[in-house]
Structures are given as structure tokens and as C-alpha cells.
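Structural description and commentary
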Amino acid sequence: MKNHNITIYPFTAIVGQEKMKKALILNAINPKVGGVLIRGEKGTAKSTAVRALANLLPEIEVVEGCKFHCSPHDVNAMCEECLEKVKAGILKSSSIKMKVVDLPVSATEDRVVGTLDIEHAIKKGEKRFEPGVLAHAHRGILYVDEINLLDDHLVDVLLDSAAMGINTVEREGISFSHPANFVLVGTMNPEEGELRPQLLDRFGLCVDIKGIMDVARRVELIKYRLSYETDPETFAVSWQAAESELCGQILLAQKLLPEVGISDSMLELISQICVDMGVDGHRADITMMKTSITLAAFNGRTEVLEEDVKEAAELVLPHRMRRKPFDNHSDKQDKLNESIEKQREKEKENKKEKEKDKNKNEQQKKEHNEQSGKAQAHPEEQKSDNPQDSTGEQPDASSETIFTTGASYQIKQFSPDFRRNNRNGSGRRSKTLTKSKQGRYIKSKIPEEKITDLAFDATLRAAAPYQLVREKNGNSIVIHESDFRQKVREKKIGNFVLFVVDASGSMGAQQRMVASKGAVLSMLMDAYQKRDKVGLIAFKGAGAELVLPPTSSVEMAQKYLEELPTGGKTPLSHGLMKGYETIKAELLRDPETCPFMVLISDGRANVSMNGEPPLQESKTIASMFRSECIQSAVIDTESSIIKFGLAQEISSALGARYLALEDLKADSIVEAVRTSAPFEFSVSSGSFSA
């Protein structure tokens, strides 16, 4: 019987996604390119391509028995154990397939970088290292699915190791380093939230992928998949020739890579494109140079051409171009294409000029004709350049907005003090105690389980009073297990802000809705900076809708907010109930969530859920928020001369901070959040308490 579990889907049989496949191949040829970030929809063969590439490549030679898979031919990149084997003359080698190591989103720092046994080091004076994911990934591929959901400090560690080729673990003055050369492949869905620009910039290449829209190609994909699942081995054999050809091309490119040269004109082209596209720093220039050289080697050339630079730019620049949180990405991509094309034309003109200079000693008639052609080319050049220059100066259509508050202003920071212990996550909003070693050391405690983060100073203080009565046995200080103290650390994390927006007809007055949307936009901008999760509920007509489920993508929230229609009755109780259900569901999914609801309405409820008076029903539901201490704020949009004060009544029922629209400023809402009372959430009872 055939074993279908060991047959990997062939890399060359993947239909479409050419950019993704090219980016992976370039990293296989030259790991110094810096990895690749793949952004796009689920089900687009991301993980299939990574595993297929590893299977396509030939086996690698490793030191036998080495836990880091060191190369027996590179002494400079060997671990300490392998170096000792070299000195002793007992080093042996073997061959293994290149590994694809998966890093789960829930991984801890110790799982990623490895751990040092501090207890063993103190007692025995010896270093004992337990390898982590980075050690297993050495000379292989490290695959991180949904990398945007990984803690920022872990992403920093991954990118540092990928760039330096070394992983260093330091604990209380004890340090251990080992080689960590790997191809980093990260995937993400932008709707789940973006990586910080500083982290995006660290990825060498970036590819945006989508599902195939051509019906014929989709049918082809289905047939391939059906054939593979029916008989994987036969399917793999049918693609063996194509696999071998590509493998040979990759190996040839690896050998050719050191011989590839790049001219000054190509370097100038690279730098000019980076300047035109407004990228920060110089990493883009360097990465584009490396990518261009690798592309030339892959194409079997020893010289970088314009086409290599153009293709490299399309892989290197899209995620590095400077943009504000809500800029339109597609417009930036168009600008990139225009800039590349413009630079190509300029480079072609420069080439023509150089060719003409080389022919100065030819016949005078030919030289005269060339000069005449050159004179005629100038008006055309100016004519062709002007529209492009004009186009480049056109205002970006995406910058036009209906928000009267403008696109940029400073708001006060808000940091609800949710006093919770050992919460995971990342962000810049609320302080929390954490087990992460990236947090700030604030105090020590007696460990309740195996110690993972030794408080060296506190341990020495605990041991000091007993040194006179303990047997030293030649040691200057004797530490017992009872002396060990664990560090207590603190860090900042993000919150979950849920906007419940009244989109009924009473909000139809333009200035009221624009002001309301402007206030929400202000908080979205702040949420982007603080790494908060956001959600959006709209209520109008006969009910309420969760327009945007909890997500880290504030860009999606802004998009839905901008397109939010207005009209109909005011089902306020529906909106509050939907908000309550959304928060409770999020707490069940992630008990460590810190929710905050912002209700924007005039409070004129006129639609009931269960036949009660609409206002009374809304107050009853609002009291559920108060009884469970869910923090909230109410923004009253009522602007008529005669005011009913209904939103203020809802605010009292919620136990929320109240703000009137006429007094509303962007920082007033934020202040409402900032000055809210601190609460704790009990996981066991499923509720908040003061």
C-alpha cells in the first residue's frame, strides 16, 4: 500500500502565484535577501509552496549528531560542540532534507530562542542550553503563519536572528550563542491587522497574493489537486522532470551568485527609485541590490540588468513605502509602477547617450545624424516627462475624506487600568503583569513552580544570611533551591475598543454625523498607534449589525465607518444588546481581553426588542454593562435647542462617562476612557468587579 502521507505536493505544480514562488526561490538561492512576507487571502497555497520548495531542494550535509545542523565545511559558522569535534578530529557528516519548522502564534520567548538552565549554572558553574525553534530552523526554513498576531518582541527576535545569522540567549550575565541561518517566511491576512512599519521594513521581500480569478486556471488547479489526492506518488513522478529542472536552475544560480556584478548605473537606478518612492532609511536600497543580483543569477547572467532592478523593486518596495495608517495601498502601488517605468525610460536615455559617446570617432555624417536625432529627442523627452510629472503632482484621491476633523491631529493618551495578572499580548495601552522576559523587572517573588526567570539579585540577598552556617566546599557562596526568587515583570498591552454608532435618521444632519465619525476616526488613529483591537456596531431601522468583528485592522474599521449609511428608526436597545453580546463573546474567546464600549447616539430610542417601552428597555440592557463593570463612554449627539437628555439617562444606566456633542473634542472622548475607574475581570465568574 502506498503511503500518501510522505508525498509532498510538487512546487512546479502550483498554479499561479508566480510572485510568491519567485520570492521563495530567491531566498533559497540567497538567504541574505532577508526572507519574505506573504500577505493575502487564506487558501492561496502559501504553506503548500513553502513545504514544496523545501522538498524540491537537494539534501544538505550536516555534522552528524549536531542539534544545530552545522555544516561540516564551514568552521566559522560551527557551534562550540562541533568546533571541539574538529579539534579532536572526530567530526563526521551525514545528509538530511532541508527542514520547514513551524512557529505557532502562541509560542513563548523561551520556546523560540531556547533556554539557559540558570539553576544548573549557579550550582555547577556550567552552561546548559536547551535549543528552541531558532536552533531547529538553522539551515532550513522558518515558517510563521499569521505573523502579525505574534507578539512584537518575538517578531523582533526572529528578524534579528535572520539578519545576523546568530541567536544569542542571555540570562543574568550568562550568555550562549549558536548559528541561526534560516529563510524566514511569514504569512498574514491584512484584515487581521498590520505589522508595525519598523517590523515590515525588516522583511527583505513582500508579496501580496489573491485567489486566481481566471476560470480556466481555477479548473486546472482543481484537476491537479484531484489527481494528487487520488494518487500522490504518481502525480509527483509526473512532475519530477520539471522539479529537477528548477532544482538544477537554483543550484546553478547559487554557484553563479558570487560572480554576478552590478554597475554603478544600476546602483544609481536603485537609489533613485527608493528616493522617488519616499522610503525611510537605506535598507530598501541594500535589499534591492541583493535581490537584483540574485535575480540575475537565477536568470543565468553575471550582470544585473534593468529588468532585474524593476522586478526587485516590485518585491522590495511595496511594504516599505511611507504611508499614513489610512492611505490607500493600491494608489501607492500605482505610484511605484509609474516611478519604476519613469526610471527605466531615463536609464534607457542614459544608455543611448553613452552609446553615442562611444561612436564619436565614426564617420562625420553618422555622428551628425546621431546629434540631430539627439536634438530631436529632447522635445519628445520633455513632452513625455511633463504628463508624468504632472501626474505625480496630482493629489491622491484617497486623501479626500468626509471627516471635518481633518486627517491629522494630536489626542491625549488613554490607558484604562485593568489590573490583571500575567496577561499575554502586545501593545502600548494598559500596564499588566506578565511572564514575558521582555517586560520591565519591578520586583521579585518566591517561585510557585519551576523557575524560568531568575531574579539574581534577590536570590543572592535571600542566600546571604545563611552563608556562615552552610558548607562551602570550596565555593565562595552556596545557594540552595529555597533561595531562588522569580522576577515579576510588567509590560503594556492593547485593549479592545467597541464603537456602537447610531446610524438612524435622527443622525442624518450632516454636521452631527460628520462630527461623530470624526471622533471615532480620532480614536481609531490612537488605536492604531497603541495596537488596540477595535470593533464597530451600527444600529438603525429595525436592528443592529456587527459591521466589523473584533480585529486589529483599524484600516478596515475606518473603511466601514466611512461607508456607513444613515436612515431609519433608532433601535438603541438592539445596538446595546449587540454590543454586550460582542464583548461577552470576545471575553469567552480571549479571557484576557480588556473591553471598552463607546456609544455614540442621541438616545432617542423608538424601536423595542421585546415590547417594552424602548427607552426603558435600553436602560435595562445598559444596566447589564454596569453590573458587570464593563467600562464605557457615551457621546451625546443631541444638538437641538430643546434637549431631552435621553443619552445622559442611558449614560447613568451604563455607569459611563458622559460627553455632549457641542462640547466634544477629539481628546475629550479619549479623556473619558483615560479617567474611567479601574476594574478587574474574574475568569471564574465571567464578570468584572470593582
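To start, this report covers the structure provided alongside it. (Residues numbered from 1 in each chain as written. Predicted model: local features only at pLDDT ≥ 70, side-chain atom pairs only at ≥ 80, totals over all residues. Heavy atoms only, no water.)

Description of the pattern of salt bridges
- Enumeration over the complete set of coordinates arrives at 13 salt bridges.
- Between Arg39 and Asp208 there is a salt bridge, and its shortest N-O distance comes to 3.0 Å. Placement of Arg39 in strand E1 (residues 36-40) and of Asp208 in strand E11 (residues 205-209) is noted, with a sequence separation of 169 residues between them.
- For Arg39, a relative accessible area of 4% gives the class buried.
- The partner of Arg225 in a salt bridge is Glu229, and the shortest N-O contact between them spans 3.3 Å. (Salt bridge = Lys/Arg side-chain N within 4 Å of Asp/Glu carboxyl O. Helix = DSSP H or I, 4+ residues; strand = E, 2+ residues; numbered from the N terminus. Buried < 20%, exposed > 50% of the residue type's maximum accessible area, 1.4 Å probe, protein only.)

What about the packing of aromatic side chains?
- Counted according to the given criterion, the structure contains 7 aromatic pairs.
- Judged by centre distance (5.4 Å) and plane angle (85°), the rings of Tyr224 and Trp239 are edge-to-face. Of this pair, Tyr224 sits in helix H9 (residues 215-230) while Trp239 sits in the loop between helix H10 (232-238) and helix H11 (240-256), and the two are 15 residues apart along the sequence.
- Tyr224 gets classed as partly exposed once you look at its relative accessible area, which sits at 23%. (Phe/Tyr/Trp six-rings, centres within 6.5 Å; stacked < 30°, edge-to-face > 60°.)

Focus: the packing of helix H1 (residues 18-29) against H11
- Close contact between H1 and H11 brings their axes to 9 Å; oriented N to C, the two are set at 45°. On the basis of the axis angle, H1 is oblique to H11. The way H1 lies across H11 gives a crossing that is right-handed. Here Ile25, Ala28 and Ile29 of H1 come into contact with H11, specifically with Leu246, Ile250, Ala253 and Gln254. (Axes fitted to C-alpha atoms, helices over the stretch in contact; angles between N-to-C directions. Parallel < 35°, antiparallel > 145°, perpendicular 65-115°, else oblique. Left-handed = near helix turned anticlockwise from the far one by under 90°. Contact = heavy atoms within 4.5 Å.)

A look at the side chain of Asn167
- Here Asn167 shows up in strand E8 (residues 166-171).
- At a separation of 2.9 Å, a polar atom in the side chain of Asn167 contacts the main-chain carbonyl oxygen of Val113.
- In this structure, Asn167 is in contact with Val113, Leu134, Ser161, Phe176, Ser177, His178 and Ala180, ignoring residues within four places of it in sequence. (Polar contact = N/O pair within 3.5 Å; in protein donor to acceptor, adjacent residues only side chain to side chain.)

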